[in-house]
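Notes for the structure review
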Protein chains: 2
Amino acid sequence: MLSKKTKYALHALTYLGKHRENKTVLIQDIAEEHGISHKFLENILLELRKAGYLGSKKGKGGGYYLIKEPKDIPLSRIIRLLDGPIALLPCVSLNYYEPCAECKNEVQCGINKVMVQVRDETLKILENKSLQDILDGE
Amino acid sequence: MLSKKTKYALHALTYLGKHRENKTVLIQDIAEEHGISHKFLENILLELRKAGYLGSKKGKGGGYYLIKEPKDIPLSRIIRLLDGPIALLPCVSLNYYEPCAECKNEVQCGINKVMVQVRDETLKILENKSLQDILDGE
DNA sequence: ATAATCCCTATAAATTTTATAGAGTTTGTG
DNA sequence: CACAAACTCTATAAAATTTATAGGGATTAT
């Protein structure tokens with residue numbers, strides 16, 4: 001399951017995607033719309049901005065806005081950013097690799113081999129769904 | 001990512017699958033082989049037994065053994081049993097459904113729609129991989 | 001000058017995961 | 001029959017992670 005952080009990020013991105021005609025959107029508006037804590041959401045939007053998905057404007061009249069095309073924001077990226085690895089085990093993670101302590105020899109571990117396949121197939125799914133697909137469903 | 005519980009369960013099932021000629025296997029042997037806490041693993045094996053994957057024999061000379069064919073133990077089942085939902089959001093879970101608080105109308109929520117698709121495709125992957133596939137890779 | 005707004009970091013609270021403990025119960029064996 | 005070896009079951013503790021809050025700082029429009 002996705003963490004609330006990631007879920008909230010998806011809601012925020014969706015909201016911003018639906019309000020692209022506006023110059024900026026207030027954190028507060030997104031938070032109220034979905035009943036999310038303002039402060040919690042603030043941290044999430046900050047991460048999304050640092051990762052290059054959002055732009056922001058400070059001061060009065062400021063707020064956030066999308067700076068990428070929705071079609072260029074795949075689910076895989078958002079999940080990785082906020083939740084970490086997509087792989088089911090650390091020993092098969094492309095971006096967060098770590099050996100598994102209980103496995104003596106990764107190369108001849110059947111679990112590892114199967115999980116590499118699961119990872120590749122899962123990745124295909126998540127790379128092919130983008131914010132655009134979410135917006136299309138609203 | 002899978003919890004350690006699920007990961008340990010997979011190691012235990014694999015071990016039991018590799019020792020099907022033995023009548024029973026000791027918890028202790030599996031725990032030692034993979035450096036897992038005996039007591040922690042005990043609870044996991046208990047769950048696997050209650051769910052119908054393992055049989056056990058008490059008393060001296062006792063232990064655990066597989067009672068299903070490895071090909072009839074799909075990853076999806078093991079993950080659901082020990083980790084819970086496979087869906088990425090509660091609102092699209094088949095076995096652990098719960099509405100999402102921040103979504104006013106599930107039916108017209110784009111996130112929901114996309115996540116239903118992700119769930120279905122992910123399920124296809126995990127239902128098609130079984131303990132047998134793991135054993136084949138050892 | 002002021003109020004609105006994002007920026008940043010620290011910390012607290014809640015929840016979940018991981019691990020341990022220990023008293024049952026059953027069974028094979030001498 | 002006594003005893004030791006194993007699983008059974010439930011409770012609790014410890015650790016880690018997630019979720020939420022707090023508050024001072026910096027920037028900007030008016």
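Coordinates for the structure precede this section.
Given the structure is predicted, the values throughout are model-derived calculations rather than measurements. (Residues numbered from 1 in each chain as written. Chains lettered and ligands numbered in written order. Predicted model: local features only at pLDDT ≥ 70, side-chain atom pairs only at ≥ 80, totals over all residues. Heavy atoms only, no water.)

Points about the packing of aromatic side chains
All names here are of chain A. Put simply, the rule is: Two rings belonging to Phe, Tyr or Trp (six-membered ring only in the last case) form a pair when the distance between their centres is within 6.5 Å. Interplanar angles under 30 degrees mark stacking, angles over 60 mark edge-to-face geometry, and anything in between is tilted. To qualify as a helix, a DSSP run of H or I must reach at least 4 residues; to qualify as a strand, a run of E must reach at least 2; elements of each kind are numbered from the N terminus. For every residue, the accessible area (1.4 Å probe, protein chains only) is compared with the maximum for its type, and the residue is labelled buried under 20%, exposed over 50%, or partly exposed between those bounds.
In the structure shown here, the tally under the stated rule is two aromatic pairs over all chains. Ring geometry for Tyr8 and Phe40: centres 5.8 Å apart, planes at 85 degrees, overall edge-to-face. Here Phe40 lies in helix α3 (residues 38–50) and Tyr8 lies in helix α1 (residues 4–18), a separation of 32 residues in the sequence. By relative accessible area, which is 10% here, Tyr8 ends up buried.

Describing the protein's contact with DNA strand C
Which entries qualify depends on this criterion: The near set for a molecule or strand comprises every residue that places at least one heavy atom within 4 Å of it. Polar contacts here mean pairs of N or O atoms no more than 3.5 Å apart (in protein, one a potential hydrogen donor and the other a potential acceptor; neighbouring residues in sequence count only if both atoms are side-chain atoms). Under the scheme applied, nonpolar residues are Ala, Val, Leu, Ile, Met, Phe, Trp, Tyr, Cys and Pro; charged residues are Asp, Glu, Lys and Arg; polar residues are all the others, including Gly.
Taken together, the neighbourhood of DNA strand C is formed by 31 residues, with A:Glu42, A:Arg49, A:Ser56, A:Tyr64 and B:Lys39 sitting nearest. When atoms of DNA strand C within 4 Å of the protein are split into backbone and base, the sugar-phosphate part holds 63%. Here a phosphate oxygen of DNA strand C and a side-chain polar atom of B:Ser37 are 3.3 Å apart. Between DNA strand C and the protein, one listed contact pairs a base oxygen with a backbone N or O atom of B:Lys60 at 3.4 Å. Elements with a contribution of two residues or more to the surface near DNA strand C: α3, β1 (54–57) and β2 (63–66) of chain A together with α1 (4–18) and α3 (38–50) of chain B. At six residues, α3(A) tops the list of elements feeding residues into the surface near DNA strand C. A breakdown of the residues in the surface near DNA strand C according to their chemical character gives seven nonpolar, 10 polar and 14 charged.

On their own, these measurements won't tell you what the molecule is for.
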